[in-house]
Amino acid sequence: RKEVEQDPGPFNVPEGATVAFNCTYSNSASQSFFWYRQDCRKEPKLLMSVYSSGNEDGRFTAQLNRASQYISLLIRDSKLSDSATYLCVVDRSPGNNRKLIWGLGTSLAVNP
Amino acid sequence: DAGVIQSPRHEVTEMGQEVTLRCKPISGHNSLFWYRQTMMRGLELLIYFNNNVPIDDSGMPEDRFSAKMPNASFSTLKIQPSEPRDSAVYFCASSLEGLRPHEQYFGPGTRLTVT
């Protein structure tokens, strides 16, 4: 079993739709959680961190459920420009080591 | 404002040849990461430097892979000899420890094809 698992999709949604992705992680010692976005044939870029209390950044909302070991990303009023692969990232760094574990990504296509 | 710079952007080589990938991190960043991305395995951390010192190289697949960071503005990843299974996109990323350590800034990647 992979340490970070995501539904690969693809999720095909119309513009304006609300879409949600989930991600599960297996290591309960994981410290921090993030969503990165990767456009086709481009590099990953940090979208948002995921805090225990949940956090929102415009149309994007991230939630963390430590008990069930999953993270979610909700996108409201989706735009064509949201089409990308969304990577769930878990940090289980011991001490000052920096060890990010990456999911394989969920592909989103927003259609006109 | 220059981001992470990688070269070459594309590399096609024959099995057995030596391949050297280059990276210039963002000025002022003190951590540098080399990743490999494939469809099957996703993004995998190969090695991580902090203040030019290798901290974690547990992801380096085997002795054919080596990485150096002779100074704060330059790093190389070398594969010798290369094999077809090394074909992947290799990303370099940098970050600033102590501020937002998890915000890694990636370069555009080097797409390596070994035939």
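Coordinates for the structure precede this section.
Not measured: the values here are computed from a predicted model. Each chain has its residues counted from 1, running along the sequence as written. Working convention: letters from A go to chains and numbers from 1 go to ligands, in the order in which they are written. The model is predicted, so local features are restricted to residues of pLDDT at least 70 and side-chain atom pairs to those at 80 or more, both for listing and for counting; the totals for chains, interfaces and linings are taken over all residues. Side-chain metrics in this entry use all non-hydrogen atoms of the structure; hydrogen atoms and water are not considered.

1. What to know about the sheet that holds strand E3 (residues 19-24) of chain B
All names here are of chain B. Filter applied, for reference: By this definition, two strands are paired if DSSP reports at least two bridges between them. Strands are runs of DSSP state E lasting at least two residues, helices are runs of H or I lasting at least four, and both sets are numbered from the N terminus onward. Where helices are involved, their axes are fitted lines through C-alpha atoms of the stretch in contact, as for all axes, and angles between N-to-C directions lie from 0 to 180°.
Read from one edge to the other, the open sheet built from four strands follows the order E1-E3-E8-E7, with strand pairing classed as antiparallel. The open sheet is flanked by strand E1 (5-7) and strand E7 (65-71), the only strands paired with a single partner. The mean inter-strand angle of the sheet, taken between neighbouring strand axes irrespective of direction, is 15°. The sheet contact formed by E7 and strand E8 (residues 74-79) spans five bridges and is antiparallel. In the sheet register, Ser 66 faces E8, and the bridge partner there is Lys 78.

2. Concerning the pairing of strand E11 (residues 106-111) of chain A
Residue and element names in this part refer to chain A. For clarity, the threshold we go by: The cut-offs for exposure are 20% and 50% of the maximum accessible area for each residue type, with area from a 1.4 Å probe on protein chains only; residues under the lower value are buried, those over the upper are exposed, and the others partly exposed.
The side-chain alternation of E11 yields one buried face, formed by Thr 106, Leu 108 and Val 110, and one unburied face, formed by Ser 107, Ala 109 and Asn 111. As judged from the four bridges shared by strand E2 (residues 11-14) and E11, these two strands associate in the parallel manner. Considered in E11, the bridge of Asn 12 is made with Ala 109. Bridging between strand E9 (residues 84-91) and E11 involves three bridges; their strand directions are antiparallel. Bridge pairing in E11 places Thr 85 opposite Ser 107.

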